[in-house]
Amino acid sequence: MRKYPVILDRHKRPLRVLSKAFDILATEELNGEDTLSFKVPYRDEGEFLDNEALIRVNEKDYRIRTRHDTKPETGPAITEVFAESSFYDLTYSVKKNPVVFENETALLPMRYALEDTGWQVGRVEGTETRSFEVTETNALALLRTIQELYGGDLIFNDKEKTVSLLYQHGKKSGVLFSYQKNMRSIERLTDSTGLITRLYAYGEDGLTFSAINDGKPYLEDFTYTDEVRVGTLDL
């Protein structure tokens, strides 16, 4: 039975089944890319798709990052969607402060990486210990570093919002996404890949936005989403 993309609301409740979706492609690599792409007729379903909307396919949740609306010279308008697995939102976590781990298993660093993100540590296999220093970084980048240091595979569970580090065998595969452009057609591309709602800036001598923003060390803009997505700027 074919699995069609389903649009979810902010509480992850189904809103609409995209039963006319086609060219559905899910790419999942251990410790790598985890994305979804598909096309829908714009008139029938494309108008219901917004950047940052949640999409579910085969029990996995994805967030729309780009939509490409195309009206060719002949034929119906098409909406192409590119989405990333929901765990990519860990990229926008509050920047982690520098810390040193000495002779620790992967469990403690993973707990530190997921602190205040809404995600929790699942299973952590292995008893190997490592000593390393964490520089200022986001949660997902730190998890990738931990995987490189300790080995194993990062397994993200969207439903339970857990991250596990397991030692299992997997095979990586690569996919090339290529979109041809027809200059005689009408196209629109919307991209929210780098959308930030809370921006911190750090300058010399501890300079931040505090002096010009009522004591707050960050600037906020929730025009496009009410979710907190953190970015940092080093001056």
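See above for the structure.
First, a word on what this report is: a plain description of the structure on this page.

Criteria and cut-off values
Residues numbered from 1 in each chain as written. Predicted model: local features only at pLDDT ≥ 70, side-chain atom pairs only at ≥ 80, totals over all residues. Heavy atoms only, no water. Buried < 20%, exposed > 50% of the residue type's maximum accessible area, 1.4 Å probe, protein only. Helix = DSSP H or I, 4+ residues; strand = E, 2+ residues; numbered from the N terminus. Contact = heavy atoms within 4.5 Å. Core = buried A, V, L, I, M, F, W, Y, C linked by side-chain atoms within 4.5 Å. Phe/Tyr/Trp six-rings, centres within 6.5 Å; stacked < 30°, edge-to-face > 60°. Lys NZ or Arg CZ within 6 Å of the ring centre and 35° of its normal. Pairing = 2+ DSSP bridges. Axes fitted to C-alpha atoms, helices over the stretch in contact; angles between N-to-C directions.

All of the buried residues along helix α1 (residues 107-114) are P109, M110, Y112, A113 and L114. Structurally, α1 contributes buried residues whose contacts are with β8 (99-104), β9 (120-124), β10 (130-134), α2 (139-150), β11 (153-157) and β12 (162-166). Just beyond α1, the residue with positive phi is D116, at close to 65°.

A separate point is the nonpolar core. Counting residues in hydrophobic clusters, the biggest one holds 22 residues, and the most contacted among them are L90, L143, F156 and V163. With six residues, α2 is the largest single contributor of residues to this core. Setting aside residues no more than four positions away along its own chain, V163 makes contact with M110, L114, W119, Q120, V121, G122, L143, L154, I155 and F156. Counting 14 residues, the second-largest nonpolar core is a separate cluster that includes I7, L18, V40 and V57.

Quick look at the packing of aromatic side chains now. As enumerated under the stated definition, the model contains six aromatic pairs in all. Both rings, one in F87 and one in F156, keep their centres 3.8 Å apart while their planes meet at 10°; by these two values the pair is stacked. Placement of the pair is F87 in the loop between β7 (78-85) and β8 and F156 in strand β11, with a sequence separation of 69 residues. Taken as a pair, F87 and F156 share a single burial class, namely buried. Members of the aromatic cluster, joined through ring pairs, are F87, Y88, W119 and F156. Here the guanidinium or amino end of K96 rests over the ring plane of Y112, the centre of that ring lying 5.5 Å away. Above the ring of Y150, the side-chain terminus of R130 is found at 5.6 Å from the ring centroid.

With that out of the way, let us pick up the sheet that holds β11. Pairing is mixed in the open sheet, where three strands are placed in the order β9-β12-β11. What marks the edges here is a single partner per strand, and that holds for β9 and β11. The sheet shows a mean angle of 25° between the axes of neighbouring strands, direction not considered. Sheet topology note: the β11/β12 ladder contains five bridges and is antiparallel.

The subject of this paragraph is the pairing of β7. Within β7, eight of the eight residues are buried, which leaves the element mostly enclosed by the surrounding structure. Note: strand β4 (residues 34-41) against β7, seven bridges, orientation antiparallel. Directly across from F38, in β7, lies its bridge partner V81. Relative to β7, strand β6 (residues 60-71) is paired through eight bridges, and the arrangement is antiparallel.

Quick look at the environment of E102 now. Inspection of the secondary structure puts E102 in strand β8. Each C-alpha atom, one on E102 and one on F132, is 6.6 Å from the other, the two residues being 30 residues apart in sequence.

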